[in-house]
Every structure is written in structure tokens, then in C-alpha cells.
Amino acid sequence: MEIKDFCFASDSTPPLSVIAAAKVASLTLPPPTAAAADSASLPAFVFSNGLKLQGTYVLLRYIGRVAILYGQDPFQSSQIDQWLDYAPVLSVGSEFENACNFIDNYLQSRTFLVEHSLSIADIAIWSGLAGTGLRWERWRKSKKFPNLARWFNSIFDEYSDALNEAISTYAGKKGSGKPAAAKPKGQQVVSGDNPEKGKASSRPSSEVDLPDAEIGKVCLRFAPEPSGYLHIGHSKAALLNQYFAQRYQGQMIIRFDDTNPSKESNEFVDNLLKDIETLSIKYETVTHTSDYFPQLMEMAESLIRQGKAYVDDTPREQMQKERMDGIESKCRSNNVEEHLKLWKEMITGSERGLQCCVRGKLDMQDPNKSLRDPVYYRCNPVPHHRIGSKYKIYPTYDFACPFVDSVEGITHALRSSEYHDRNAQYDRIQADMGLRKVHIYEFSRLNMVYTILSKRHLRWFVENGKVDGWDDARFPTVQGIVRRGLKIEALVQFILEQGASKNLNLMEWDKLWTINKKIIDPMCPRHTAVIEEQRVPLTLTNGPEQPFVRIIQRHKKHEGAGEKATTYTNRIWIDHADAESISVNEEITLMDWGNAIVKEIEKDQDGKVTHLSGVLHLEGSVKTTKLKFTWLPDTSELVNLTLVDFDYLITKKKVILHLWTLELFVLFLFKRVQLCDSLKLVYFENFSC
């Protein structure tokens, strides 16, 4: 049932929120037309079967349900409804400023209005602001509503093409009743966030097209191996899969590629699901490659009977050398009966079977070495974490993945570019199996400086006690970086900014933590501390004889961070490094108090500053002082604490592993790991972490 007509009252303007939602959701709408009949008629969709929906927010909810922008459960949908009911306030001139203030306060600790993803609530409020034109532009540039402006600009940046088209259509209909032509891609426009003339609007980096994708028919999978915890590299794959599933109104499943019992465990399965939940990944169902072991064995035997696979007992080292040199195995030309006999030995896990593997009969002369008779099945007597000792043989990832992808109805397999040479192998194996082709889409692997993202190497750190565990705050795992203080909203924004590009980049951690700082800054309390062994007293001769307390804001720019009680005395502590920078008779600023003039500086025999004396000069201007210091009062209220400073585990910015063993790699690159460098601090106010 498609939308045949989109109309609105002839004496009113088209609903910007509906147009914007449709553009963001890639939903095709006919050009909005003014209804000549009833001037009081509401905006409406007329469907091909003659049915009709009326009302701006009815249409918006319809688009939200079609594009999965209307919440994942009834509670989220109800939260969105609250914002849709509130949105009309923005069109009331006398209430506009109060409404902006309310939303600004609400967004202090949020990236979106509801949960962690875009919804029609965001589109409705965004459109309400954008639709007021200069009124909102003046407030946005005044920086009076920083959280609201941040949120508004973030949405515009992410969906700039769609929103530019929506505004263009809205403006054309609002003015002349004729639709304005949407700006073609590549035409230079002025972004609302960057008023520089002539700067081209950029398309979001993740805004690429999947090959032969159809709206409503796309099915994707995120398929981690349960051999470790989810790390930041996996996060990129998971979030991109979710992004495309939502963009094409399709489905996404979680599949555990559990084909190697030697490395896998239920602990990893449980924690991977926990990490997926932490990332707010929405999926249809959870499956396991082990669910398909019977079918995979049948397929392997069928390929042997067809002469498309064979059983090989060549020693592993010799097999590797022959593959490199393009030499066919001596077993390749054996008859089918001999292969089936050895196949049965493999199934039983006999001594003879343990010497064998199943290989695909592809092309030993192909320049692409992944096509040189890859291994399909190996014997492994280790019990499987999920199904016990039922099987003695297990398929390789290269064999199982194309089979399960096709059988499960996956339309597009997203794989990082490190698998590029094996894409031809994937296609060839699928063709030999006689299965439906699955499209492969590549994206670049996420690489971070001073970081290893190989689960095999991360496991080494855990098993050898170099870290506290998989959730160590120095680890690149999701649990590790969250424990270190990262907000999931920052990680999602960081990943989506990288998008589905195929360009390889070595990313800096600073960019991720900068995004994180913008999110936590409005809500994170600020505290003052000095190093106990390096504190210097400053006596203020005209300071208060009796200490007094004043209530001040924790964060000058964000009221939502709360208040704190600060004690003022005639003797305070400052950091030694600050004390060393002061000259006699220099005027300094004591933060949250005012100016003071240092009259005397006492030093020990080594020239180290031990004591300062001065006078308050509160009438002095803080704008004229060069030195501005934080300080603590010399009172019994100070709290001792330990500062934990996390460093990188690896000292080399770019890590390249050749044929070294991990032990040799660590010998070259790994510095002695300590949990932290502990510094005793004197600390004022209550501390929580």
C-alpha cells in the first residue's frame, strides 16, 4: 500500500516534521499539494487503496512505525508521544524562549530526546525549531541554549542532505505554493552549523548504498566468535549492521560463530550479549553456527561425493608450504570412496581421522591464495561449550559462514576489508554449494593507536596476568572503556562518524575522548585536588579570621551539574608547581574567590618554595592577572584519596606484527604494566567515582 497523495490545507503551510521524517527515513512521498477544498483540512496521506490518514502527528507516527523511529517498546513510544504533544509549544511566540530553556535543560546529559537513537520526537522538535526561521537562528547563535544548539547541530550534520531537501520543499510550499527544487547533490549550500559561504554540504560518511538493497527486504547479521569480549573494533561492525538494518527497514540477527571449541566458552557468550545490550543494539534473534552442524556435515559430504572437496592427510606445515607454492596435494586425485572412508574416520575422531582434514577442490594455481584448496573441516576432540562431546569434527569459518549466511536469509554480509582476498573464496564456496548468493559489503577495519584489537593477543594479556581481566580499564574492550568512563553515546557517535568507508585509518583515542567530554561535561561534577607531598601553604593576612562557607555552582556554564559548598579561610593550599611560578608582589587570581597579591615567598636551602604570604585584593580585576590558580582551604574537612592515572599498555603508536611470537612482540613493545601510579592527594568536598 503506497502513498498516492500528500496534501495540506491551501491556506496553511506543509508540515515540515512530516517532510523531514520521510526524507530521513528514505521514504518516497509524492510532492505535497495544497488542498483546494476545505481550508481547515489537516495534512493527509491518501493511499493507493483509497484509505486516508489525517493530522501532522498521525502522519509522523505512521512514518515512525514504518522506519522504526517510534521506539522499541510501548514505554519508549509513550515517551515519544509526550514530546509530540509538547512540540506545538514551539510555535507559540510568547512561550518559545521558555520552551527552549526547558528542552536545553533536558538535553544536558542526553544525545537524543528518547533513549540512544534518533526518533520522530527528535524530528518533531528539530522541525519546530527550524520552522521558526530567524527566531531560532538568533537564539542558537547567542549560545544561551548550548545543549539545545549542540543537539540541533548534531542532527543537522548527521542528516544534512535529507534535512536540506526537507527545508527546501517546505520553504517553497510555504512561500509560493509551488515546490522548490531540492538542491542536487554536490551543489554548494550553507550549513546551519557552518555559515561559511560556499562551503559544500557533506553527506554523512555512513550514508552509502548497499548493492541491490530493497527497502523492507534487507537482512544483516553481526557474527562475533565467542572467544573473547566485544572490543571497539567489533562495535563498529555491530553498529554499522544496525545502521543499515534501520536505514533499509530490514532485520538484523546476532549469530555466534562457535566453530572452534578450543577457544570458546559460555563466559564469552554471556559477556558478548551483555556488551551488545550495552551498545543498545536491537536485533531480531540470536542464532549459533552450531545450530547448523548437521546440515554443514551433510553439505561437506555432498561436496566430497560431487568431487568438489576431498580429505587430505598431509601434515599441516607441508600443506601450508604446498599452498604457498601452488603444489597440489597427493590426496587430491584419490577416488571418492577413499575420501568418504577417511571422512567417516574423521567423524568418529579416530587416530587416523585426527590426521586428516577436508579441503575444497578449488584452484591451486589461482594467484589469490585463499582459493588454493582451503580447509573446510578439521578434527578437534575438545568438547564444545554448547553441545558437549557430540562432534569430533568442526567446520572452519570460511566453510560455515557462506553456508549459514545463505540459509538464514542474509541478504548482505558486512565484512571488514581485511577479508578482501577471501571474498572470492566466499562466493566460490557458495556457488559450489548451490546456494543463494549473498552480497558482500566491505568497510574498513577500525585501528586505534597504541592498541591491539586481536582477541588472540588480548587473551594473552589476560591469561598471563598483565591486566586485571577483560574489563581492565586500559583494554579496548567495551567493558574496559566503559569502566574507564566512556559514555556509550560517545562511542556510537565516534563509530558512525567513521561510517562505512573503505579507507584504512589509524584513529587517535583523543578524538573519542573529546566527543565523550562534550557529552559528560554538562553533568559531570568538578572537584579540586592538590598533591599532598607537593602542596604549599598561602597565608592571607587580611583573610577571614573565622572560616565561612559559600554555596556556588560546580560548573559555571552548566547549572545542571549542581552546587558545592566552598570554605574560605585565611590559610589555603596551592600546588607546588603553581607556587614556583609566582613572583614577589605579583597579583594572582584565586578561582571562585578573587584576586590576591603575594608579598613574601619563603624557600628552603635547595631553593624550593615552602610558604607564601599575601593579602586579598578582591577589588582587583581577574581579567588583568596572568596566573589563575585552584586552591583548597586548610581545614580538617579535606578528604584523602588516591588518583588512578591510566596509561597505554603498548608504547608503540603503530603496532605491526610479522611472524614474531607474541612473547617476542611483548619483549620489544610491552612496557612493565602497573595498575596505576598512585599519588596521595588532599581533597576537598565529597568524592565519588
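As shown above, the structure is provided for reference.
Note that this is a predicted model, so its numbers are computed, not measured. (Residues numbered from 1 in each chain as written. Predicted model: local features only at pLDDT ≥ 70, side-chain atom pairs only at ≥ 80, totals over all residues. Heavy atoms only, no water.)

Focus: helix α16 (residues 455–463)
Those residues of α16 that fall on the buried side of the exposure criterion are Lys 455, His 457, Leu 458, Arg 459, Trp 460 and Phe 461. Gly 465 lies just past α16 and shows a positive phi near 70°. (Buried < 20%, exposed > 50% of the residue type's maximum accessible area, 1.4 Å probe, protein only. Helix = DSSP H or I, 4+ residues; strand = E, 2+ residues; numbered from the N terminus.)

Things to note about empty space enclosed by the protein
Across all of its chains, the model carries 1 cavity of 30 Å³ or more by this definition. By volume, the largest cavity is sized at about 40 Å³. Forming the walls of the largest cavity are Tyr 397, Asp 398, Cys 401, Pro 402, Arg 415, Arg 422, Gln 425 and Tyr 426. Looking at the lining of the largest cavity, the elements that each hand over two or more residues are α14 (397–407) and α15 (423–433). The element that contributes the greatest number of residues to the lining of the largest cavity is α14, accounting for 4 residues. Residues of the lining of the largest cavity, tallied by class, amount to 4 nonpolar, 1 polar and 3 charged. (1 Å grid on protein atoms, 1.4 Å probe; cavity = no way out; pocket = protein on both sides within 12 Å on 5 of 7 lines; lining within 4 Å. Points joined across faces, edges and corners; volume = space filled by probe spheres on them. Nonpolar A, V, L, I, M, F, W, Y, C, P; charged D, E, K, R; others polar.)

Here's the deal with the sheet that holds strand β8 (residues 309–312)
The 4 strands lie next to each other as β8-β9-β10-β11, forming an open sheet whose pairing is antiparallel. Edge positions in the sheet fall to β8 and β11 (393–395), since each of these pairs with one other strand and no more. Strand-to-strand, the axes of this sheet are offset by a mean angle of 20°, without reference to chain direction. With 3 bridges joining them, strand β9 (residues 357–360) and strand β10 (residues 375–379) adopt antiparallel strand pairing. (Pairing = 2+ DSSP bridges. Axes fitted to C-alpha atoms, helices over the stretch in contact; angles between N-to-C directions.)

Digging into the packing of aromatic side chains
Aromatic ring pairs are described here by two measures, namely the spacing of the ring centres and the angle between the planes. Under the counting rule described, the total for this entry stands at 31 aromatic pairs. With a centroid separation of 6.4 Å and an interplanar angle of 90°, the aromatic rings of Phe 45 and Phe 47 are classed as edge-to-face. Classification of Phe 45 as buried rests on a relative accessible area of 0%. Residue class for Phe 47 comes out buried when judged on its relative accessible area of 3%. Ring geometry for Trp 343 versus Tyr 377: centroids 5.5 Å apart, planes at 80°, classification edge-to-face. Of this pair, Trp 343 sits in helix α13 (residues 336–348) while Tyr 377 is found in strand β10, placing the two residues 34 residues apart along the sequence. The pair Trp 343 / Tyr 377 is uniform in exposure class, with both members buried. Each member of the aromatic cluster is reached from another via a ring pair, and the members are Tyr 229, Phe 268, Trp 460, Phe 461, Trp 470 and Phe 475. Directly above the aromatic system of Tyr 106 lies the positively charged group of Arg 110, at a separation of 4.0 Å from the ring centroid. Above the ring of Tyr 568, the side-chain terminus of Arg 550 is found at 4.6 Å from the ring centroid. (Phe/Tyr/Trp six-rings, centres within 6.5 Å; stacked < 30°, edge-to-face > 60°. Lys NZ or Arg CZ within 6 Å of the ring centre and 35° of its normal.)

A closer look at the sheet that holds strand β24 (residues 628–629)
Within the open sheet, the 7 strands sit side by side as β24-β21-β22-β23-β17-β20-β25. Their pairing is mixed. Because the sheet does not close on itself, it has two edges, and the strands there are β24 and β25 (632–633). Judged from the 5 bridges that link them, strand β17 (residues 535–540) and strand β20 (residues 571–575) form a sheet pairing that is antiparallel. Bridge pairing in β20 places Arg 535 opposite Asp 575.

Observations concerning the side chain of Thr 411
Position of Thr 411 among the secondary structure elements: in the loop between α14 and β12 (412–416). Separated by 2.9 Å, the side chain of Thr 411 and the backbone nitrogen of Cys 219 make a polar contact. (Polar contact = N/O pair within 3.5 Å; in protein donor to acceptor, adjacent residues only side chain to side chain.)

Regarding the nonpolar core
The biggest cluster of nonpolar side chains holds 51 residues, and the ones touching the most others in it are Phe 45, Leu 113, Leu 129, Leu 148 and Trp 151. Contacts of Leu 113, omitting those with residues within four sequence positions, involve Trp 83, Ile 103, Tyr 106, Leu 107, Ala 121, Asp 122, Ile 125 and Trp 151. Judged by nonpolar contacts, the second largest core, of 44 residues, contains Leu 279, Met 448, Ile 488 and Val 492. (Core = buried A, V, L, I, M, F, W, Y, C linked by side-chain atoms within 4.5 Å. Contact = heavy atoms within 4.5 Å.)

Quick notes on the pattern of salt bridges
Applying the stated criterion across every chain yields a total of 25 salt bridges. Between Lys 321 and Asp 325 there is a salt bridge whose closest N-O contact spans 2.9 Å. Here Lys 321 and its partner Asp 325 are both found in helix α12 (residues 316–325), 4 residues apart, which amounts to about one turn of the helix. Classification of Lys 321 as exposed rests on a relative accessible area of 55%. The class for Asp 325 is partly exposed, based on a relative accessible area of 43%. Between Arg 571 and Asp 634 there is a salt bridge, with its nearest N and O atoms 2.6 Å apart. With Arg 571 in strand β20 and Asp 634 in the loop between β25 and β26 (639–643), the pair connects residues that are 63 residues apart, well separated along the chain. You can call Asp 634 partly exposed: its relative accessible area is 32%. The network of salt bridges with common partners includes Arg 221, Arg 255, Asp 405 and Glu 408. (Salt bridge = Lys/Arg side-chain N within 4 Å of Asp/Glu carboxyl O.)

Purely spatial values, then, with no claim about function.
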